[in-house]
Amino acid sequence: MKDNDVSLSRRSLLKNATAAAFMISAGAIINPLEAWGLEVNTLKPETMQTLIQMARDIYPHDRLADRFYAIALKEYDTKSASDAGLKSLVEDGVAKLDQLAKDKHGTRYVDLGWEAQRVAILREIEKDPFFQKVRGGLVVSLYNQKEVWPVFGYQGEAAIHGGYLHRGFDDIDWL
Amino acid sequence: MATQFDLNDESVVVIVGSGAGGGTLGTELALKGIKTVILEAGARHEIEDFVNDEWDSFAQLAWTDMRTTSGSWRVARDFANLPAWIVKAVGGSTTHWAGASLRFQEHEFRTRSVYGDLKGANLLDWPITLKELEPYYEKAEFRMGVTRTNGIDGLPGNNNYKVFEKGAKAIGYQEVSTGRMAINSAERDGRPGCQQTGFCFQGCKFGAKWSTLYAEIPKGEATGNLEVRPNAHVLRIEHDASGKVTGVVYADKDGNQHRQKARIVAVAGNSIESPRLLLNSESSKYPDGLANSSGQVGRNYMRHMTGSVYAVFDRPVRMWRGTTMAGIVRDEAGHRPDRGFVGGYELETLSLGLPFMAAFLDPGAWGREFTTALDSYDSMAGLWIVGEDMPQETNRITLSSEKDRFGMPVANVHFDDHPNDIAMRNHAYRQGSAMYDAVGATRTFPTTPYPSTHNLGTNRMSENPRDGVVNKWGQSHDIPNLFVSDGSQFTTGGAENPTLTIVALAIRQAEYIAKQMGQNTI
């Protein structure tokens, strides 16, 4: 994400900070710890924040920073600009998620402290088109980021390096 | 300038498809001096166009035109519009294939006689024997440069193979090797040896793996007798009042339709598109589709009994490095009904990159049970199971109510496992897991079959015209100048990866066609 995706004053960041790692402002969400921000133009910024948490709960990888999930989800905001059906699918889906969280725990989905609490709510909606859409998109948009691959050890493109013939195709040493 | 034949040239042989069957047949015919036009639905991507990136390559090569699915197989749920992972490009699925090149076993040509009358299975003996096909297997192995034949060395074992081999030997398997692969272990036929790149499925960037795209078709084109016309999607085959086929109608990349006349038409569009084309070619004379007096066109769809086993270890494996499938256990390939099923299976090394592992390890799964498996991706080993599945009349390709952009009905692929398929898969899951457990696996994953890569049987060979679509030469029982040249002519599937047998049959068919043309019988 480029730095100029977002420009906000420190004061507005602090004023809008929530209890979670994210700060919400009109038109953006900010992650001060990871030093990135994401412009959110079509969806509500809170909706994107919830989507990011939901994505992490669907495919939790503790060694993956939030920004990879944010990148994977960014298209929901851009595509919603020209796709009213997608926009309402996402906004309504997140609203339902929050409603279920409030009914059970009296708080928004993102404010539930334990992953198990959030996952229990996701299990209730996993057959919904909203959940299916988010999960089905994420399995490509998360794992197909080249920046994610080194975290898993995957080395990606190999032909440009001459393959692995001289780079350890048979270097296993513990058998 | 490559040869171009006129649309009205009635003397040409027209082949639909340029993969293992069509690409080989077209090249063989051209080498014999016969004018041939291959119409390929996909584009022509050469080696330099291939990309070492799973999803980008999938977008470049895979057949993603609309198809529908039905039946109880899990693919119909997880990948409702992607029943098969095959290729739409010059070279067909030989750009994507792994290279395993095993001959069928003797008994696999006569399964009805050997396996008996199995409830629900539409078993039939092939009209040919292993002995009849052996000379053509020899020719196929030589031209494809299959390792461990013709004095060609085997490939070296990669990390994934070393785990596989140690596990296999630990549980008592003896026939364990890096297999017979149509991948050069050293420079041969103007193509280099394998560089252990690990992207066999994405099109070999070095051309070490045999593909009709660069190992056959250019040789045919060099004779001046072969034209390969890419982006030519055949919509229907036409015939005259006597019933003989006269040519095909195809759409070019802009959707404009053309009529290519032909002396002979050979269909080699894979076991989904080939029966679809025959069914879509129905006419008042052939109301059930071409070559379908038996009613068997589209039936007996086989996809091999498949599955995978992945295992996680406490130390790194890095299975993605090196040849994807150079590792085969053959101990379970024979017919030993005491195991609780007829027929047999092979175990073959397999690896997916991280993006495809996420998509195919357990489609639809989410949460930590799933993601902790991926967290151990670098410590995974993997194998693929490929065994003989039972032909069933109800497993079939039919015309869907959905239409493609040319207004032609798309294929619906219906599949249910036969109880024999399930018993064999469960046996293979246990054996594959035992192999990895024997090397210290901390966790194993019996992984569901992927969208089909081996599509077989939907225009099968039969001695009696009542039982199948084509005779022992792949010539349709009903129409003498209409041939089938791909895996859809398989009477049964065998336990072996099908490409070598498709190529052997294509070489044999080319001989037959040339002879018949010489005698003016077709």
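Coordinates for the structure precede this section.
Keep in mind the model is a prediction, meaning the values are calculated, not measured. (Residues numbered from 1 in each chain as written. Chains lettered and ligands numbered in written order. Predicted model: local features only at pLDDT ≥ 70, side-chain atom pairs only at ≥ 80, totals over all residues. Heavy atoms only, no water.)

**Side note on the overall build of chain A**
Secondary structure summary: chain A contains seven helices and three strands in total. Secondary structure elements of chain A, listed N to C terminal, follow the sequence α-β-β-β-α-α-α-α-α-α. Scored against the burial criterion, the 175 residues of chain A give a buried share of 49%. Excluding contacts between residues fewer than 6 apart, the proportion of contacts in chain A whose partners are at least 24 apart in sequence is 56%. Only carbon and sulfur atoms are counted for the fraction: they give 51% of the accessible area of chain A, which is about 8600 Å². (Helix = DSSP H or I, 4+ residues; strand = E, 2+ residues; numbered from the N terminus. Buried < 20%, exposed > 50% of the residue type's maximum accessible area, 1.4 Å probe, protein only. Contact = heavy atoms within 4.5 Å. Areas by Shrake-Rupley, 256 points an atom, 1.4 Å probe, with all protein chains shown as cover.)

**Thoughts on unusual backbone geometry**
When glycine is set aside, most residues are seen to have a negative phi, and most peptide bonds are trans. Residue and element names in this part refer to chain B. With a phi close to 60 degrees, Gln196 is a non-glycine residue in the positive phi region. Along the chain, Gln196 turns up in the loop between β4 (176-177) and α7 (212-222). Phi at Asn520 is positive, roughly 60 degrees, even though this residue is not glycine. By the secondary structure assignment, Asn520 is in the segment after α12 (499-518). Accessibility expressed as a relative area gives 61% for Asn520, which makes it exposed.

**Brief notes about the sheet that holds strand β5 (residues 226-229) of chain B**
Residue and element names in this part refer to chain B. The sheet built from five strands is open, its strands ordered β5-β2-β1-β9-β17 with parallel pairing. Both outer strands of the open sheet, β5 and β17 (482-484), are each paired with one neighbouring strand and no more. When the angles between neighbouring strand axes are averaged without regard to direction, this sheet yields 20 degrees. Across the sheet, helix α1 (residues 20-31) is in contact with β1 (13-16), β2 (36-39), β5 and β9 (264-267); its angle to β2 comes to roughly 165 degrees. (Pairing = 2+ DSSP bridges. Axes fitted to C-alpha atoms, helices over the stretch in contact; angles between N-to-C directions.)

**Some details on the packing of aromatic side chains**
Scanning all chains against the criterion turns up 33 aromatic pairs over all chains. Centre to centre, the rings of B:Tyr301 and B:Phe415 are 6.1 Å apart; their planes meet at 90 degrees, and the pair counts as edge-to-face. Of the two residues, B:Tyr301 sits in the loop between α8 (270-280) and β10 (305-312) while B:Phe415 sits in the loop between β15 (409-414) and α11 (419-437), which places them 114 residues apart along the sequence. The burial state of B:Tyr301 is the same as that of B:Phe415; both residues are buried. Where B:Phe341 meets B:Tyr345, the ring centres are 6.3 Å apart and the plane angle is 40 degrees; that geometry is what we call tilted. Across the pair, B:Tyr345 and B:Phe341 agree in class, each one buried. Through a chain of ring-to-ring contacts, the aromatic side chains of B:Trp55, B:Phe58, B:Phe79, B:Trp85, B:Phe201, B:Phe356, B:Phe360 and B:Tyr450 assemble into a single cluster. Positioned over the ring face of B:Trp366 is A:Arg123, at 3.9 Å from the centre of the ring. (Phe/Tyr/Trp six-rings, centres within 6.5 Å; stacked < 30°, edge-to-face > 60°. Lys NZ or Arg CZ within 6 Å of the ring centre and 35° of its normal.)

**Quick notes on the interface of chain B and chain A**
Contacts between the two partners involve 42 residues from chain B and, on the opposite side, 40 residues from chain A. Interface area, chain B with chain A, both sides summed: about 3600 Å², of which 60% is carbon and sulfur. Of all residues in chain B, B:Arg321, B:Trp366 and B:Arg368 bury the most surface against chain A, accounting for 22% of the area lost on that side. Joining chain B to chain A, the criterion identifies four salt bridges. Listing elements by their share of the side of chain B that touches chain A, those giving two or more residues are α2 (54-61), α6 (159-170), α9 (354-360) and α10 (368-375) of chain B. If you tally residues by element for the side of chain B that touches chain A, the top one is α10(B), at five residues. Across the side of chain B that touches chain A, the residue classes break down as 20 nonpolar, twelve polar and ten charged. (Buried area = accessible area lost by both parts, 1.4 Å probe. Salt bridge = Lys/Arg side-chain N within 4 Å of Asp/Glu carboxyl O. Nonpolar A, V, L, I, M, F, W, Y, C, P; charged D, E, K, R; others polar.)

**A look at the pattern of salt bridges**
All names here are of chain B. The full count for this structure, using the stated rule, is 38 salt bridges over all chains. The partner of Lys219 in a salt bridge is Asp189, with the nearest N and O atoms 2.8 Å apart. Note that Lys219 is positioned in helix α7 and Asp189 in the loop between β4 and α7, a separation of 30 residues in sequence. For Lys219, a relative accessible area of 37% puts it in the partly exposed group. Overall, Asp189 belongs to the partly exposed group, its relative accessible area being 37%. Ionic contacts of the salt-bridge type, sharing partners, join the residues Arg67, Glu273, Arg276 and Asp404 into one network.

**Looking at α7(B)**
Residue and element names in this part refer to chain B. If you check which residues of α7 are buried, you get Thr212, Leu213, Tyr214, Ala215, Glu216, Ile217 and Gly220. Buried positions along α7 lie against α1, α5 (130-144) and β5. Just downstream of α7, Gly224 is the residue with a positive phi angle, here 80 degrees.

**Describing the state of the cysteines**
Residues and elements named next belong to chain B. Overall, the coordinates contain zero disulfides over all chains when judged by the stated rule. Unpaired in this structure, Cys200 has its nearest cysteine sulfur neighbour in Cys194, at a distance of 6.3 Å. As a non-bridged cysteine, Cys204 has Cys200 as the owner of its nearest cysteine sulfur, 6.7 Å distant. (Disulfide = S-S within 2.5 Å.)

**What to know about the packing of helix α4 (residues 84-105) of chain A against helix α5 (residues 115-125) of chain A**
When two helices pack together, their arrangement is given by the angle between the helix axes and by the axis-to-axis distance. Residues and elements named next belong to chain A. Close contact between α4 and α5 brings their axes to 10 Å; oriented N to C, the two are set at 125 degrees. Judged by the angle between their axes, α4 and α5 are oblique. Along this stretch, α4 crosses α5, giving a crossing that reads as right-handed. Note on element contacts: α5 touches α4 through Gln117, Ile121, Leu122, Glu124 and Ile125, opposite Lys96, Leu97, Leu100, Ala101, Lys104 and His105. Of the residues contributing to the contact of α4 with α5, the split by class is six nonpolar, two polar and three charged. (Parallel < 35°, antiparallel > 145°, perpendicular 65-115°, else oblique. Left-handed = near helix turned anticlockwise from the far one by under 90°.)

**Re the pairing of strand β8 (residues 257-261) of chain B**
Residue and element names in this part refer to chain B. Taken together, the five bridges between strand β7 (residues 245-251) and β8 define a ladder with antiparallel strand orientation. Of the residues in β8, the one forming a bridge with Ala251 is Gln257. Connecting β7 to the antiparallel partner β8 that follows it, the hairpin turn spans five residues, and Gly255 within it adopts a positive phi of roughly 90 degrees.

**Observations regarding the packing of helix α3 (residues 66-80) of chain A against α4(A)**
Residue and element names in this part refer to chain A. It is at 8 Å that the axes of α3 and α4 come closest, and there the two elements cross at 130 degrees. If you check the angle between α3 and α4, you find them oblique. Together, Tyr76, Lys79 and Ser80 of α3 and Ala84, Leu86, Lys87 and Val90 of α4 make up the contact between the two elements. Along the lines of polarity and charge, the residues of the contact of α3 with α4 split into four nonpolar, one polar and two charged.

**Some remarks on the sheet that holds β4(B)**
Residues and elements named next belong to chain B. The six strands lie next to each other as β4-β11-β12-β13-β10-β16, forming an open sheet whose pairing is antiparallel. Of all the strands in the sheet, just β4 and β16 (443-447) have a single pairing partner and so form its edges. In the sheet, strand β12 (residues 345-349) pairs with strand β13 (residues 380-387) via five bridges, with the strands oriented antiparallel. Bridging across to β13, Glu348 finds its partner in Trp384. In the packing of α11 onto the sheet, the strands contacted are β10, β12, β13 and β16, and the crossing angle to β10 comes to about 20 degrees.

**Considerations on the pairing of β13(B)**
All names here are of chain B. Within β13, eight of the eight residues are buried, which leaves it mostly tucked inside the rest of the structure. Taking every second residue as pointing to the same face, both faces of β13 are buried, with Met380, Gly382, Trp384 and Val386 on one and Ala381, Leu383, Ile385 and Gly387 on the other. The pairing of β10 with β13 spans eight bridges and is antiparallel. Within β13, the residue paired with Tyr310 across the bridge is Gly382.

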